[in-house]
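Observations on the model geometry
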Number of protein chains: 2
Amino acid sequence: MSSKVSKGRRQTSTGQTSPVVRRAFSMQEADAQLIEALRVRCATQGMLMNQSEVVRVGLRVLAEMSDEELRNRAAKLERLTVLRPKHPK
Amino acid sequence: MSSKVSKGRRQTSTGQTSPVVRRAFSMQEADAQLIEALRVRCATQGMLMNQSEVVRVGLRVLAEMSDEELRNRAAKLERLTVLRPKHPK
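Here we summarise the structure given alongside this text. Not measured: the values here are computed from a predicted model.

It is worth spelling out the nonpolar core at this point. With 40 residues, the main nonpolar core has Met49, Leu59 and Leu62 of chain A together with Met27, Met49, Leu59 and Leu62 of chain B as its most contacted residues. The set of elements that each furnish at least two residues to this core consists of strand E1 (20-28), helix H1 (29-43), helix H2 (51-63) and helix H3 (67-76) of chain A together with strand E1 (20-28), helix H1 (29-43), helix H2 (51-63) and helix H3 (67-76) of chain B. Once residues within four sequence positions are removed from consideration, Leu59 of chain B is found in contact with Met27, Asp31, Leu34, Ile35, Leu38, Val54 and Val55 of chain A.

This is the structure we're talking about:
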């Protein structure tokens, strides 16, 4: 537990700021629970993260992957069955 | 380009369905652009993914990490500077 980080908000370490935006995503209930499980795992290691931070860490990890690993990971994902009401145009 | 996958929606391979939910997350504009960049990388390899699918792949990858790797990745994330209007209660 020696790796505690401050919960305090701070700007990026480079001092540059990127505008903060909000994005909505569809996921399985299981994915939402996965986020919570990841938060708990981080918390037990002294890193208090919110849901958005967990999502962002995941994106950074993907970005650092090789094309091949990215493709393999993406291929494993099951697609969602979306039953959307049709919007009349 | 031999690993093309169908764009067709399908249920999970195990046949189980988890309810589909929608969740909103705060991120830097740079993170949103990262999602698009990842979609392009997948597309060039024949995998057409939407934004939500990219996010979900990232979560799965995190879930499979060891505690130590997860902590290291999480520690590298810069926190957002959130300037939120106070909601009167």
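A separate point is the relation of the copies chain B and chain A. In screw terms, the move from chain B to chain A is a rotation of 180 degrees and a rise of 0.0 Å along the axis, fitting with an RMSD of 0.0 Å. Such values leave the two copies arranged in the relation of a two-fold axis. A share of 100% of the interface residues of chain B reappears at the interface of chain A, consistent with the copies meeting face to face through the same patch.

The geometry of an aromatic ring pair is captured by two quantities: the separation of the ring centres and the angle between the planes. Inspection of every chain in the model, using the stated rule, returns 1 aromatic pair over all chains. With 6.2 Å between their ring centres and 20 degrees between their planes, Phe25 of chain A and Phe25 of chain B make a pair best called stacked. In this pair, Phe25 of chain A sits in strand E1 while Phe25 of chain B sits in strand E1, so the two residues belong to two different chains. Residue Phe25 of chain A shares its accessibility class with Phe25 of chain B, and that shared class is buried.

The next thing to look at is empty space enclosed by the protein. To find leftover empty space, a probe the size of one water molecule is rolled over the atoms. All told, the structure shown has 1 cavity of 30 Å³ or more when counted by the stated rule. For the largest cavity, the calculated volume is near 30 Å³. Contributing to the lining of the largest cavity are Leu38, Cys42, Met49, Val54 and Val57 of chain A together with Leu62, Leu70 and Ala74 of chain B. Breaking the lining of the largest cavity down by element, the ones donating at least two residues are H1 and H2 of chain A together with H3 of chain B. Across the lining of the largest cavity, the residue classes tally to 8 nonpolar, no polar and no charged.

Note: interface size is frequently given as the accessible area lost on complex formation between the parts. Between chain B and chain A, the residue contacts involve 62 residues of the former and 62 residues of the latter. Carbon and sulfur atoms supply 58% of the area buried between chain B and chain A, which totals about 6900 Å² over both sides. Considering only the side of chain B, the residues that lose the most area to chain A are Phe25, Arg56 and Arg79 of chain B, jointly responsible for 13% of the buried surface there. On the surface where chain B and chain A come into contact, there are 12 salt bridges. Asp31 of chain B serves as the salt-bridge partner of Arg60 of chain A, at 2.6 Å between the closest nitrogen and oxygen. Scanning the region where chain B abuts chain A turns up 40 residue pairs in polar contact (both at pLDDT 80 or more). Secondary structure elements with two or more residues in the side of chain B that touches chain A: E1, H1, H2 and H3 of chain B. Top contributing element to the side of chain B that touches chain A by residue count: H2 of chain B, with 13 residues. Here the side of chain B that touches chain A is composed, by residue class, of 29 nonpolar, 14 polar and 19 charged. Bridge count for E1 of chain A against E1 of chain B is 9 bridges, and the pairing is antiparallel.

Calculation rules
Residues numbered from 1 in each chain as written. Chains lettered and ligands numbered in written order. Predicted model: local features only at pLDDT ≥ 70, side-chain atom pairs only at ≥ 80, totals over all residues. Heavy atoms only, no water. Core = buried A, V, L, I, M, F, W, Y, C linked by side-chain atoms within 4.5 Å. Buried < 20%, exposed > 50% of the residue type's maximum accessible area, 1.4 Å probe, protein only. Helix = DSSP H or I, 4+ residues; strand = E, 2+ residues; numbered from the N terminus. Contact = heavy atoms within 4.5 Å. Least-squares fit on C-alpha atoms with pLDDT ≥ 70 in both. Phe/Tyr/Trp six-rings, centres within 6.5 Å; stacked < 30°, edge-to-face > 60°. 1 Å grid on protein atoms, 1.4 Å probe; cavity = no way out; pocket = protein on both sides within 12 Å on 5 of 7 lines; lining within 4 Å. Points joined across faces, edges and corners; volume = space filled by probe spheres on them. Nonpolar A, V, L, I, M, F, W, Y, C, P; charged D, E, K, R; others polar. Buried area = accessible area lost by both parts, 1.4 Å probe. Salt bridge = Lys/Arg side-chain N within 4 Å of Asp/Glu carboxyl O. Polar contact = N/O pair within 3.5 Å; in protein donor to acceptor, adjacent residues only side chain to side chain. Pairing = 2+ DSSP bridges.

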